[in-house]
Each structure stands twice: as C-alpha cells, then as structure tokens.
Amino acid sequence: MISTRTFKWIYAGLWTLRICFALLGTGYIHPDEHLQNGEVISGDLIAYYTIRTWEWSPSLPVRSIVPPFATTGIPVWFAKLFSKKLLTREVYPVLLFRLERSAFLIISGLIDYSLTGLVSTPSARRLGLLLLASSHVMNTFQARPFSNSIEAVLVALSLLFLRKISSAKTRDKGYFLHLLVITFVTGIFTRPTFLIFGAPIAYQVAFMTFTYARTATGWLRLVVPPSFTAAGTCAAFLVVDTLYFRGTLDDPVVTPLNFLLYNFSSQNLAEHGLHPRWLHVFVNFPMLFGPWITWLTVRTIVDSATLFNEKNYTSFEVDVLRPTIIQIIILSLTVLSAQPHQEPRFLVPLLLPVIVLIANTGRLAHVGKAFWVSCSIFNFVLAVLFGILHQGGVVPSLFHLHSMVGNTSLGTRTNIIYWKTYIPPLHLLGVSERDVSTGLISFVDLAGASQNDFVASLSAGDYDRTFIVTPMAMRYTLSPAIKDCMELNKSIFPHLDLDHISESMDAGVLDGLRLGVYTLSRNCVFV
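Residues numbered from 1 in each chain as written. Predicted model: local features only at pLDDT ≥ 70, side-chain atom pairs only at ≥ 80, totals over all residues. Heavy atoms only, no water.

Colleague: Any chance you could break down the nonpolar core for me, citing the residues and the numbers?
Modeller: Among the nonpolar cores identified, the biggest contains 77 residues, and Leu159 and Leu350 are the most heavily contacted of them. Per-element tally for this core: the top contributor is helix H8 (residues 147-167), with eleven residues. Apart from the residues within four sequence positions on either side, leucine 350 is in contact with Phe197, Phe285, Phe289, Ile328, Ile329, Ser332 and Leu333. Grouped together as the second largest cluster of nonpolar side chains are 33 residues, Ile65, Ala79, Val431 and Phe443 included. (Core = buried A, V, L, I, M, F, W, Y, C linked by side-chain atoms within 4.5 Å. Buried < 20%, exposed > 50% of the residue type's maximum accessible area, 1.4 Å probe, protein only. Helix = DSSP H or I, 4+ residues; strand = E, 2+ residues; numbered from the N terminus. Contact = heavy atoms within 4.5 Å.)

Below, the structure is given as structure tokens:
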C-alpha cells in the first residue's frame, strides 16, 4: 500500500508534468482545439485575423459563445486590458497560447477535485488520483481548449453533485440540486452530447429525490425551485447567444437544437469523415484509457451484472455511483457508436467515471507493480506523441512568422503559404484584420493540395516576400527547380506528420521530424 508521503511526491510530480505539457507542449491534436475556442475569442476581443468555421455561422450557429468566453475569453480580456495600461502594442501570440492552456490546466483540476469526493476510502482515493493524473488524456486533451474538455469537467462535477445529493441533509439537498441543474444546462449548451452522459445521473437524482420525499407533493416541493433555476440558466444562454449572433432578440438562437439538426444529417457527417460503428469500442476507448483500464472496466461491469442483487458497499453514496457510472459507460458507447463519425475525443468525458468505478472496487490495491509501470509507459508515450510530436511545429512556426511579419508599418506586402500541415490557428500568427483586408498580408492554407496546386500558388499575386511552411520531408518530393527557389529560414523540431509517414521516412530521422519555414526567392519564375 502506498504511503501518504510517497503519494504526495508522486502526485506533485505528475502535476508538474501536466503543467509542462500544458504550457510547453506545442503538439496539435485536432484543429477543433483552436477553431472552437481561441480563434473565435481572439477575433472578437483583439481583432486579429482568424478563421471562423461553419460552426459559428450566424445563419445556423451550432456552438454557444458562453463556454469559450467563460474559459479563455476572460483571461484574454484581462490580458488586453493590462496591455493597454502598460502601453504595449498588442497581446502577443505566445501569451495568448499560454493563457488558453493555463485556463484549461486550472479547469482540469476540477476533475481531480471531483475524484476526491467520489472515491470512498483514502487508500483507494490516492490510487485513483495517481491513475487519473498519470493519464495522457489529462496531459493532452484536458489541457487544450476542446469543447470535449469542458464537457468532461461538467460530467465530473455532475457525478460529484449526485454524490452530495445522496448524502446531504434536507436543507443541503436543494443547494446541490441547484448546482446540478446549472451544470446540466451548461453542459448541454457546451455540447448537446452531454445529455448522453448526464441522462443516468438525471434518472438517479429523480429516483433518489422521489424516494426521499415519499410523496408527489414533497417531491415537487424539492424539485420545482431547481427547475426554475434551470429555466433561468437556459434563458441566460439563449439571450447571450441570440444577441451575439443576431444583435437582437427578435430571432432566438438555440445552438443545441442547431447542433442536433446538423449532426442528424448523414450527409453533413460524411463531410467530416465516416468511420466503422465499432471504432469507439474497440479502438478509441482502449487508446484513450489503455488496455489494462479497459480490461478492469469490462471486468467490473461483468461482476456487477453477476452480483446485481447483492449489496457489497457500506454506504448508499458509493452504491448509487456504481450503477450510475456503468449506465453512463454503456449508454454513451451505445449512442455515440450509432453515429458514423467517431473521434477519440468524444469519449474523453468517460475518463473520470471509469477511474472512479475501478477505484471503488478496491482492485487498484492488488494490481501489482507491473500494472503501474506498464500504464505509466503507455500514457507517457501517448502524451509525448499527442502533446509534443504530432504536428508539433505548426504553432511555433506561427510564433516565428509573427516576429517576421508583425511590423507592417514598412508597407511590405507578405504572402504566407502553408502546405501539408494541419490548418494553422491564425490567432497565434497575430496579424490584424486590417492588414489582411488591405492586402499587406495574405494567407493561403493549401492543406493536402497536390504539387501542381502548390506550384501554382507560388506565382499567384505580386508580393514583396513569400513564406512557405511545410514539412521538410515534403520539400524532398519537389522538383530541383522548385527546391532551389526555397531558402530555409527556420527549421522547427519536432514535427511528426502522420499523414505522410513514407515521405518522412525517406527524408531521414532529422529532416523527417522537422517543419521548415522557407522564403521564396524572387528571382524564380514559375510557368
């Protein structure tokens, strides 16, 4: 059994590692980590040139502006305020990046806090915290501004409030019911998929409060006040979103409804990629939580089904958690697997429920050193892969280009081309909307375009200078005439491009793991 002193040192070390991954790791998991948060907030508050995707279209917005503003918007607003008082010219992209990551780093601590209130015994609680803090999900997904990361925090808090309601005295039950409904409404407006994770919790609360009240009148007396709180919270979201997207209250905006309408269309989902229905269960779940956690989860669920009528716990609070969490796992995997578009991050909210389920069985005290060592290696490797290596040069390249093009007072017309990378989050380039609209700075994202399209883009327009950002391995695939026109300005390590593994291997270990920032020679002529 691990001692309290040893636990504190290990847990502090894991938190230090989480801080390093959050603030220093420039790995790029998915474009949505920027497009669903930082891009919109920076464009609104700082007037940087940014990309607003279809999700924020005023005609049919599917994202509420409240969660992004409440998480990264507030610190960015304060940074803008202080920059004016300090007479600095701008909020620098590096600061923006650190503020976004810091906000979600702090928010991730709510998951740790929730676990301390959900695991019954001190020894199991310590082991559960270590398992949670060592997870690569906490070091990567939860430290990034994904809407899924906010959803995971809200699921964790909802479970904690369920536990509080089950054990609280009469007066306190109403207090936690109010907190729970606020959390539920926020979760639904953050991601309507929260309904899937929250449905078993809502069922347990309804059943529990009715059992406690004993009469229909008493139950209504208990749940009606929180219902008004839920309605008020919902109204607040509707008003803010309607004013943000419409500028008037005449045409209400209901983003969760728009989200559902969009995702119920198979044609819309096809544009984002279709996956086999088994992907969540057999690939995404084990990849997120590891094969050992997956095995313990399955074993716990099977044992629970076998001993369904047997009470093995001494407290009702723990007893209610086990069936609720099992229902959350089964329901979420079933419903989300029914959708043909399946990404690993959709299952991120299951991390805390899964660990709480396993920790409360007491099995973590008997798994042995091999379990902890193998889990640590698995999670560290994936944390490095997603947190540092994967597309890791894109964000630093934007910081570098900002230092090159940030001063537009000289009137130099600059063209920036990205090729064979994830879409660059342009708020981290830090150029103003005015400079782009006046033509001083032009930006082209060629994504995975062909070589012919890439070559054609080099001769498009008349610019004083052109920067090309592409994996150094892709330069090897170009003709000598094109390569000779590209002068290396800066190489950025590491940058792992999993979409072009063969080209990266052909380029060798060093160049295959680097992103190049090139300047285009003005003497070259492309026909």
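Colleague: Before we move on, can you summarise the pattern of salt bridges with the specific residues and values?
Modeller: Following the criterion strictly, the structure yields ten salt bridges and no others. Two residues, glutamate 55 and arginine 63, come together in a salt bridge whose shortest N-O distance is 2.9 Å. Taking the relative accessible area as the measure of exposure, glutamate 55 reaches 4% and is therefore buried. By relative accessible area, which is 7% here, arginine 63 ends up buried. Through salt bridges that share partners, Asp32, Glu343 and Arg345 make up one connected network. (Salt bridge = Lys/Arg side-chain N within 4 Å of Asp/Glu carboxyl O.)

Colleague: Tell me about the packing of helix H1 (residues 4-24) against helix H6 (residues 122-133), residues and numbers included.
Modeller: Direction vectors running N to C along H1 and H6 enclose 20°, while the axes themselves pass 10 Å from each other. Compared by their axis directions, H1 and H6 come out roughly parallel. Relative to H6, the crossing made by H1 is left-handed. Each of Thr4, Phe7, Ile10, Tyr11, Leu14 and Arg18 in H1 lies in contact with H6, whose residues at this interface are Arg126, Leu129, Leu130 and Ala133. Split into classes, the residues belonging to the contact of H1 with H6 amount to seven nonpolar, one polar and two charged. (Axes fitted to C-alpha atoms, helices over the stretch in contact; angles between N-to-C directions. Parallel < 35°, antiparallel > 145°, perpendicular 65-115°, else oblique. Left-handed = near helix turned anticlockwise from the far one by under 90°. Nonpolar A, V, L, I, M, F, W, Y, C, P; charged D, E, K, R; others polar.)

Colleague: Outline the packing of helix H5 (residues 93-118) against helix H19 (residues 394-405), listing residues and values.
Modeller: Interaxial distance between H5 and H19 falls to 9 Å at its minimum, and their mutual angle equals 150°. With respect to H19, the element H5 is oriented roughly antiparallel. Seen from H5, the contacting residues are Pro93, Val94 and Phe97; seen from H19, they are Val395, Phe399 and His402. Along the lines of polarity and charge, the residues of the contact of H5 with H19 split into five nonpolar, one polar and no charged.

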